[in-house]
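Residue-level structural notes
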Amino acid sequence: MATRTTAQQREQARIAYDAYLATCPARQLLDRISDKWVSLLLTALTDGPQRYSSLSRTIAGVSQKMLTQTLRTLERDGLISRSVTPSVPVRVDYAVTPLGISLLPVMQAIKDWAETHIEQVAAARDTYDNRSPAQTPLLRGPKIG
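Each chain has its residues counted from 1, following the order in which its sequence is written. With the structure being a predicted model, the display of local features is reserved for residues of pLDDT at least 70 and the display and counting of side-chain atom pairs for 80 or more, all residues being used for whole-chain, interface and lining totals. Note that water and hydrogens are dropped before the side-chain values are worked out from all heavy atoms of the structure.

Spatially, three strands are ordered β1-β3-β2 in an open sheet, and the strand pairing comes out antiparallel. Edge strands, defined here as strands with exactly one partner in the open sheet, are β1 (50-51) and β2 (80-85). Here the rule is simple: two strands pair whenever DSSP picks up at least two bridges between them. Counting from the N terminus, the helices are DSSP H or I runs at least four residues long and the strands are E runs at least two residues long. In this sheet, strand β3 (residues 91-96) lies alongside β2 in antiparallel orientation, the contact comprising six bridges. Each residue of the ladder has a partner; that of Thr85, found in β3, is Arg91.

And the structure:
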C-alpha cells in the first residue's frame, strides 16, 4: 500500500465528507436534520428536559408513531438523551445533548425564518398557482448534442 502525504490525506478526508457526492455519509445526516419533526422536537426541548406527553402536546399534529420514531433516531444520532426514572409509573425525560445544543441555533433560525416569512411564501405560492398556462415556463433539461 502506497504511503500518502499529509496533504493527500486531508484531501481524501475532504472528499469523503462532501455532501454533494452521492456516497457521502453526511447526506444521511442532512436528510435526518431536515425533517420537520426533528426541528420541532429539538426546538421544543430548548427549555429543558420534557416528558413524552409534554412533547406530544407541544407539537400539534405529530402522531404517536412519528414522535416515538423521531425521538429514537435523535437519541441514536446523539442529539438527545433519554433518562428513565424508576417510579410508578416510570418517568421518561428527553433532553438535548451537547451535540444537539450545537445544532440548536441553526434549527431555531430556520423555525424563526419560517414563522417570519410564511406570508411572503404563501403569496408567492398563490401567484405561481394562479398563472395562466402561457405564463408558465416549460421545464427543459440541458441540450444534448
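In this section: the pattern of salt bridges. Salt bridges are identified by distance alone: a Lys or Arg side-chain nitrogen within 4 Å of an Asp or Glu carboxyl oxygen. Tallied over the entire structure, the rule returns three salt bridges. With its nearest N and O atoms 2.4 Å apart, the salt bridge here joins Asp77 to Arg32. With Asp77 in the loop between α5 (64-76) and β2 and Arg32 in helix α2 (residues 26-33), this residue pair connects regions lying 45 residues apart in the sequence. When its relative accessible area of 25% is taken as the criterion, Asp77 is described as partly exposed. When a residue's accessible area, from a 1.4 Å probe over protein chains only, is under 20% of the maximum for its type it is buried; when over 50% it is exposed; and in between it is partly exposed. For Arg32, a relative accessible area of 23% translates into the label partly exposed. Arg91 is paired through a salt bridge with Asp93; the nearest N and O atoms lie 2.9 Å apart.

So yeah, pure geometry; function would need other evidence.
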